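Here is what each chain is made of, one letter per residue.
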Amino acid sequence: MIFPLWAGFGLLAALTSAAMMLLQERLKVDGFALAFWCKIMCVVVTLPMVIIHGVPHDPVFYYALGASAVLYAISDVVFFRAIPKVGAAVVSRLIPLAVIFGFILWFMIDPALFMKYMRYPGVSGAILAVLLVWVWFATHLKKCTVSMGAIRQVWFVIFAATLGAPLAKITTNHAGIESGPYAYTCIQALMMMTLWAVYYAVKKPVAPEVLFSRHSCIGGAIIGTVSVASVLVAVLAYYHVDNPAYIPAVRYLDSTMILGFYALSGRKIEGNVWAGIGLVVCAAALIILKAQIH
């Protein structure tokens with residue numbers, strides 16, 4: 001079996017995502033400031049490529065991209081607010097539920113793909129079973145108790161994550177690979193920055209001296225540069241996969257990579273190591289099973 005491109009790009013997305021979290025753990029940039037500066041870096045890095053390669057002409061690309069920008073702009077604010085209230089571990093346990101929801105949702109969007117999978121009932125059933133086991137491992141990676149109050153706090157984050165992967169797949173279906181990844185990264189960042197600018201003007205979530213401090217600018221530029229790579233490889237992954245739910249299933253290995261980094265550096269591991277190993281096994285099983293469906 002030739003290692004599939006979607007899985008390769010997904011693993012690169014996981015690696016860059018893990019790097020972002022580890023950098024933020026060390027630099028501790030304000031959450032809103034970091035999100036804003038990451039999008040600034042997305043524009044700075046990709047704008048020259050957009051100028052060189054142009055932008056897609058299909059309006060569906062922009063409709064889907066605009067919808068994802070609105071979802072993520074709201075989701076990120078909800079996410080930042082929820083973490084201090086319910087804890088990062090709780091939030092990280094709930095978000096993986098979006099993978100199984102997104103997997104089923106895409107078959108509703110693309111019924112022809114569903115019929116294709118039905119020609120391989122054994123393999124398709126095994127893929128669904130692996131995804132369910134994957135969700136179990138992902139939701140047990142962090143050791144904490146999830147309450148209904150926590151679910152109410154982050155339901156929109158789960159909703160946005162469920163729709164996010166299908167919307168990303170729709171955008172790639174309506175843009176050539178030579179220009180799509182750059183246009184996606186740059187234009188979505190501009191859309192989100194515009195929405196956040198309005199939010200900032202109304203709510204003032206962080207003081208200007210924090211948003212534009214030397215620490216925020218330098219830390220945001222460092223982490224933001226990694227975030228550009230993370231977005232680009234994730235978008236490239238969607239070009240090479242039929243059901244977009246596979247990408248977050250592989251990308252979520254970032255948490256397992258962080259546990260591995262902690263182990264190698266001699267730090268105390270607060271996550272469930274066996275759940276992390278289970279995620280790796282499930283991701284490998286998905287890659288092997290997906291290769292059976294042509």
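Going by the structure above, here's the rest.
The structure displayed is predicted, hence computed values, not measured ones. (Residues numbered from 1 in each chain as written. Predicted model: local features only at pLDDT ≥ 70, side-chain atom pairs only at ≥ 80, totals over all residues. Heavy atoms only, no water.)

**Student:** When you look at the nonpolar core in this model, what are you seeing that I'm missing?
**Tutor:** For soluble globular proteins, the rule of thumb is that nonpolar side chains tend to be buried together. In terms of nonpolar packing, the biggest core is built from 58 residues, with Trp6, Ile127, Leu131, Trp134 and Tyr246 touching the most fellow members. When sequence neighbours within four positions are dropped, the list of residues in contact with tyrosine 246 reads Trp6, Phe103, Tyr117, Ile127, Val241, Leu286 and Lys290. One finds Phe36, Ala69, Val77 and Cys186 within the second-largest nonpolar core, a separate group that totals 28 residues. (Core = buried A, V, L, I, M, F, W, Y, C linked by side-chain atoms within 4.5 Å. Buried < 20%, exposed > 50% of the residue type's maximum accessible area, 1.4 Å probe, protein only. Contact = heavy atoms within 4.5 Å.)

**Student:** Help me understand the layout of surface pockets in this model?
**Tutor:** The probe, sized like a water molecule, is rolled over the atoms to show the empty space still left. Empty space within the second largest pocket amounts to approximately 150 Å³. Lining of the second largest pocket is provided by Phe103, Ile104, Phe107, Phe114, Tyr117, Met118, Ser124, Gly125 and Leu128. Put simply, the parts of the chain that give the lining of the second largest pocket at least two residues each are helix H5 (97-109), helix H6 (111-118) and helix H7 (121-139). Among the residues making up the lining of the second largest pocket, the classes are represented as seven nonpolar, two polar and no charged. (1 Å grid on protein atoms, 1.4 Å probe; cavity = no way out; pocket = protein on both sides within 12 Å on 5 of 7 lines; lining within 4 Å. Points joined across faces, edges and corners; volume = space filled by probe spheres on them. Helix = DSSP H or I, 4+ residues; strand = E, 2+ residues; numbered from the N terminus. Nonpolar A, V, L, I, M, F, W, Y, C, P; charged D, E, K, R; others polar.)

**Student:** Whenever I open this one, the packing of H7 against helix H14 (residues 273-290) confuses me. Can you help?
**Tutor:** When two helices pack together, their arrangement is given by the angle between the helix axes and the distance between those axes. Between H7 and H14, the shortest axis-to-axis distance is 9 Å and the interhelical angle comes to 160°. Looking at the two axes, H7 sits roughly antiparallel to H14. Note that H7 runs across H14; the crossing there is left-handed. Seen from H7, the contacting residues are Val123, Ala126, Ile127, Val130, Leu131, Val133, Trp134, Phe137 and Ala138; seen from H14, they are Trp274, Ala275, Gly278, Leu279, Cys282, Ala285, Leu286, Leu289 and Lys290. Taken together, the residues of the contact of H7 with H14 break down into 16 nonpolar, one polar and one charged. (Axes fitted to C-alpha atoms, helices over the stretch in contact; angles between N-to-C directions. Parallel < 35°, antiparallel > 145°, perpendicular 65-115°, else oblique. Left-handed = near helix turned anticlockwise from the far one by under 90°.)

By themselves these figures say nothing about function.
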